[in-house]
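# Observations on the model geometry
These are the residues of each chain, in order.
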Protein chains: 2
Amino acid sequence: MAITIRDIAREAGVSTATASRALRRLHNVDPATIARVQAVADRYSYVVSPAASRLAGGRTGSVAALTPYLSRWYFATVLSGVEQVLQDAETDLLLLVAGDPGRPARTPPVRRLSQRVDGFLVISLDPDSPELGGLLDLDAPKVLIGTKWPGVPSVSIDDERAARLATQHLVNLGHRRIGMIAGRPGRSPFLAERARKRGFETAVAWPVPDSSALDCGYGDFTVDGGETAMNALLAQPDPPTAVFCMSDEMAFGAMRALRLHGLAVGTDVSLVGFDGHDLAGMLDLTTVAQPVAQIGAVAAQMLLDQISDASEHKPGEVEIPTKLVVRSSSRPPT
Amino acid sequence: MAITIRDIAREAGVSTATASRALRRLHNVDPATIARVQAVADRYSYVVSPAASRLAGGRTGSVAALTPYLSRWYFATVLSGVEQVLQDAETDLLLLVAGDPGRPARTPPVRRLSQRVDGFLVISLDPDSPELGGLLDLDAPKVLIGTKWPGVPSVSIDDERAARLATQHLVNLGHRRIGMIAGRPGRSPFLAERARKRGFETAVAWPVPDSSALDCGYGDFTVDGGETAMNALLAQPDPPTAVFCMSDEMAFGAMRALRLHGLAVGTDVSLVGFDGHDLAGMLDLTTVAQPVAQIGAVAAQMLLDQISDASEHKPGEVEIPTKLVVRSSSRPPT
DNA sequence: TTGTAAGCGTTATCAC
DNA sequence: GTGATAACGCTTACAA
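Conventions adopted
- Residues numbered from 1 in each chain as written.
- Chains lettered and ligands numbered in written order.
- Predicted model: local features only at pLDDT ≥ 70, side-chain atom pairs only at ≥ 80, totals over all residues.
- Helix = DSSP H or I, 4+ residues; strand = E, 2+ residues; numbered from the N terminus.
- Contact = placed C-beta atoms within 7 Å.
- Least-squares fit on C-alpha atoms with pLDDT ≥ 70 in both.
- Near = placed C-beta within 6 Å.
- Nonpolar A, V, L, I, M, F, W, Y, C, P; charged D, E, K, R; others polar.
- Buried ≥ 20, exposed ≤ 12 C-beta atoms within 10 Å, placed from the backbone.
- Arc of directions from axis to C-beta.
- Domains from an automatic or database assignment.
- Pairing = 2+ DSSP bridges.
- Axes fitted to C-alpha atoms, helices over the stretch in contact; angles between N-to-C directions.
- Left-handed = near helix turned anticlockwise from the far one by under 90°.
- Core = buried A, V, L, I, M, F, W, Y, C linked by C-beta atoms within 7 Å.
- Parallel < 35°, antiparallel > 145°, perpendicular 65-115°, else oblique.

## Here we look at the overall build of chain A
Looking only at helices and strands, chain A features 11 helices and 12 strands. Seen along its three principal axes, the alpha-carbon backbone of chain A occupies a region of about 85 × 35 × 35 Å. Across chain A, the fraction of contacts at a sequence separation of at least 24, relative to all contacts at a separation of at least 6, is 69%.

Structure, rendered in structure tokens:
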């Protein structure tokens, strides 16, 4: 049916073993042989069968990316960075959405996946979370994005510091009643969210020592949730004059809530978001911008390096800098 | 190393052949045998090796999705619908971003992919486009999303009709100078874009017979592009009082342009978008809403059916209805 | 540097 | 309904 390595080997006048080695550019092959074999392979536009290769102990030529969401801006953008690097390396991307709330938890297919990928990229999810069902036990190469775990390579930002600086910005403008819109009540399953909360609390501790009195709304990282959360904050006896939102999308929702209340963003209530969403500029939202696609790209490259390097020295925890982009949604209180 | 089907077979007291058949629920196996084998498999949490299965002539248990973009709302949302259906069917999703403009064209890995997937899902791309390198030649199961091709199953909306109704809405409001923001000048590579353009032209032909005088800006389906396009439209001697945008994201950019010009959306210039973006509601944008995630889900299910059904009768061209959602961005001219 | 040959884990074919 | 067994296409000791 399809053309096999045996055909290539025969045509090139070598054994299948040599053909295999040549196609993989192993170091102990005569360059001339490599050239010859490759020429034949090209002529027949031959590609190795990943299944056979894998079965015989080779690579699968693909990696899995595990993400809690796909259609949200941050995750889609991270993945686009990932995909670009992988495609350039001719590595396939196997996408798995795990842990989307509202979808009943299911037996995580990590074990099944581990047979068909060379490594894992994990976005935002803690590697010990149930959605990942024992990913940590697998000794497959892995890189975490937006979260950390002892001994596992990762790419992330300093969420605590970024949240602190964003909040400090509001404090510096003169705000004293500062609210926050987080994901959900209780302990967040996301490391980054917990860190952002700490950063916020540190920054407001100075003007507002009684941190238990802080206003916190919950927006589940969605636009609608942000609107609901902002409404809740506004319904309080003494509403905040500024709000730190843990994501731009929630800030967008908050903007809408303010508008429906007849309040002007930046004038009546200041807003700071988090992410650097495409639309933040369009909506004049002050935000903590992170190079999201680049984060994905860096992580993907780290994973590829880990897969190809026989060396055991894993990369460490890479930290990508963020930048507070000030726009007109944050101004001094009036 | 890993546990194989032989282990399961031995433990269940059957041959590997029977074990294989039982695990795949073939019709000529004793139900009792199936139960026994499955029980053993569960006990050892055994999973078949996709590589071996594939090599031996079985399924790969995965499908490829080809998309021109990943981080844009429409595509990410379609894919989330796709992913959900595939995950429920325990089928892996192999993601491939092809044809992102600005990325140099590369030898399309469709042939390589065809060895590792059971079928293809193609989003928006014409199946004969160079980015897909001979996908049509492959007789693998495929389903198109948002585009059509003779003889290939597809899921799409009636772009022409939707664009016509959206434009008609502006006409009905009393607008007579109606502009359009499309993707790029010249013949679009996207069938849907061409159809939307026809719909627009049909609708404006009545009030504006001289269709060559129609104002058309080009926004490349991005927010920034939409802003640029709107600026261009406004720079004309007699700017339009209403604009039909081929995507919500371009409409968002147009909104920003209007705002920077000191013009009020809906009052000075009416705007209609296309897609039903998450943020359209938040920005009070009138838009042609399509059930994007559902479109992906339907297509994925069609592909799965096609893969499992030995029957040769392919599904046809499925058309999903859209809905014009009127908000305050479109109002009668003042 | 290259060749030989033994798997890798599953499915399909053909008997029984 | 079930059991042998020969592929499937490749990689990797081991030999040369």
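## Overview of the relation of the copies chain A and chain B
Note: a rotation about an axis with an accompanying shift along it relates these two copies of the chain. The two copies are related by a screw motion: chain A maps onto chain B through a turn of 180° and a shift of 0.0 Å along the axis, at an RMSD of 0.1 Å. Here the two chains are linked by the operation of a two-fold rotation axis. The share of interface residues of chain A whose copies in chain B are also at the interface is 100%, consistent with both copies meeting through the same surface.

## Brief notes about the protein's contact with DNA strand D
Lining the immediate environment of DNA strand D, one finds 29 residues, of which I5(A), A17(A), S20(A), A56(A) and A17(B) sit closest. Residue assignment for the surface near DNA strand D shows that the elements contributing at least two residues are α1 (5-12), α2 (16-23) and α4 (50-55) of chain A together with α2 (16-23) of chain B. It is α2(A) that provides the largest number of residues to the surface near DNA strand D, a total of four residues. Split by residue class, the surface near DNA strand D holds 13 nonpolar, 12 polar and four charged.

## Some thoughts on α2(B)
One turn of the α-helix equals 3.6 residues, which is why residues spaced by three or four share an orientation. Residue and element names in this part refer to chain B. Of all the residues in α2, the buried ones are A19, S20, A22 and L23. Taken around the axis of α2, the buried residues stretch over an arc of 165°, which confines them to a single face. One or two residues past the end of α2 sits R25, with phi positive at roughly 60°.

## Some remarks on the domain arrangement of chain A
Domain annotation of chain A identifies domain 1 (5-48), domain 2 (62-157 + 292-319) and domain 3 (159-289). Placing a centre on the C-alpha atoms of domain 1 of chain A and another on those of domain 2 of chain A gives a separation of 33 Å.

## Details of the sheet that holds strand β1 (residues 62-67) of chain A
Read from one edge to the other, the open sheet built from 12 strands follows the order β11(A)-β5(A)-β4(A)-β3(A)-β1(A)-β2(A)-β2(B)-β1(B)-β3(B)-β4(B)-β5(B)-β11(B), with strand pairing classed as mixed. The open sheet is flanked by β11 (317-319) of chain A together with β11 (317-319) of chain B, the only strands paired with a single partner. Along the sheet, successive strands turn relative to each other by an average axial angle of 20°, direction set aside. As paired strands, strand β1 (residues 62-67) of chain B and strand β3 (residues 119-123) of chain B are joined by four bridges and run parallel to one another. From the neighbouring strand, A64(B) faces β3(B), where its bridge partner is F120(B).

## Some points on the protein's contact with DNA strand C
The full set close to DNA strand C counts 28 residues, and A17(A), I5(B), S20(B), A56(B) and G58(B) are the nearest of them. Those elements giving two or more residues to the surface near DNA strand C turn out to be α2 of chain A together with α1 (5-12), α2 and α4 (50-55) of chain B. Residues belonging to the surface near DNA strand C are distributed by class as follows: 13 nonpolar, 12 polar and three charged.

## Observations concerning the interface of chain A and chain B
The partner chain B presents 32 residues to the 32 residues of chain A that form the contact. Breaking the side of chain A that touches chain B down by element, the ones donating at least two residues are α4, α5 (73-88), β2 (92-97), α6 (110-114) and α10 (248-260) of chain A. Element by element, the count of residues in the side of chain A that touches chain B is highest for α5(A), at six residues. Where β2(A) and strand β2 (residues 92-97) of chain B come together, three bridges link them in antiparallel fashion. When the bridges of β2(B) are listed, L95(A) appears paired with L93(B).

## Quick word on the packing of helix α7 (residues 159-173) of chain A against helix α8 (residues 191-205) of chain A
Residue and element names in this part refer to chain A. For the pair α7 and α8, the least separation of the axes is 7 Å and the interaxial angle reads 35°. Along this stretch, α7 crosses α8, giving a crossing that reads as right-handed. Residue-level contacts link D159, E160, R161, A162, A163, R164, T167, Q168 and V171 of α7 to A192, A195, R196, R198, G199, F200, T202, A203 and V204 of α8. When the residues that make up the contact of α7 with α8 are grouped by side-chain class, the tally is eight nonpolar, four polar and six charged.

## Some details on the nonpolar core
One recurring pattern in soluble globular proteins is that nonpolar side chains are buried together. Ranked by internal contacts, the top residues of the largest apolar core, which has 88 residues, are A65(A), L121(A), A299(A), A65(B), V82(B), L121(B) and A299(B). For this core, the element with the highest residue contribution is helix α11 (residues 292-308) of chain B, accounting for 10 residues. Those residues in contact with L121(A) that lie beyond four places of it in its chain are V63(A), A65(A), V82(A), V143(A), I145(A), A299(A), A300(A) and L303(A). By size, the runner-up hydrophobic cluster in this structure holds 82 residues, among which are A163(A), M255(A), L271(A) and V204(B).

## Description of unusual backbone geometry
Residues and elements named next belong to chain B. Phi angles above zero are rare outside glycine, and R25 is one such case at about 60°. With respect to the helices and strands, the residue R25 is situated in the loop between α2 and α3 (31-43). In the Ramachandran plot, S124 falls in the positive-phi region, its phi being about 70° despite a non-glycine side chain. Overall, the presence of 23 C-beta atoms within 10 Å leaves S124 in the buried class.

## Digging into the packing of α1(B) against α3(B)
Each pair of packed helices can be described by the angle between their axes along with the distance between the axes. Residue and element names in this part refer to chain B. Axis separation between α1 and α3 bottoms out at 9 Å; the angle between their running directions is 125°. Taken together, the axes of α1 and α3 lie oblique to each other. Remark: the crossing between α1 and α3 carries right-handed chirality. Two secondary-structure elements touch here, α1 through I8, E11 and A12 and α3 through R36, V37, V40 and A41. Residue classes in the contact of α1 with α3 are distributed as five nonpolar, no polar and two charged.

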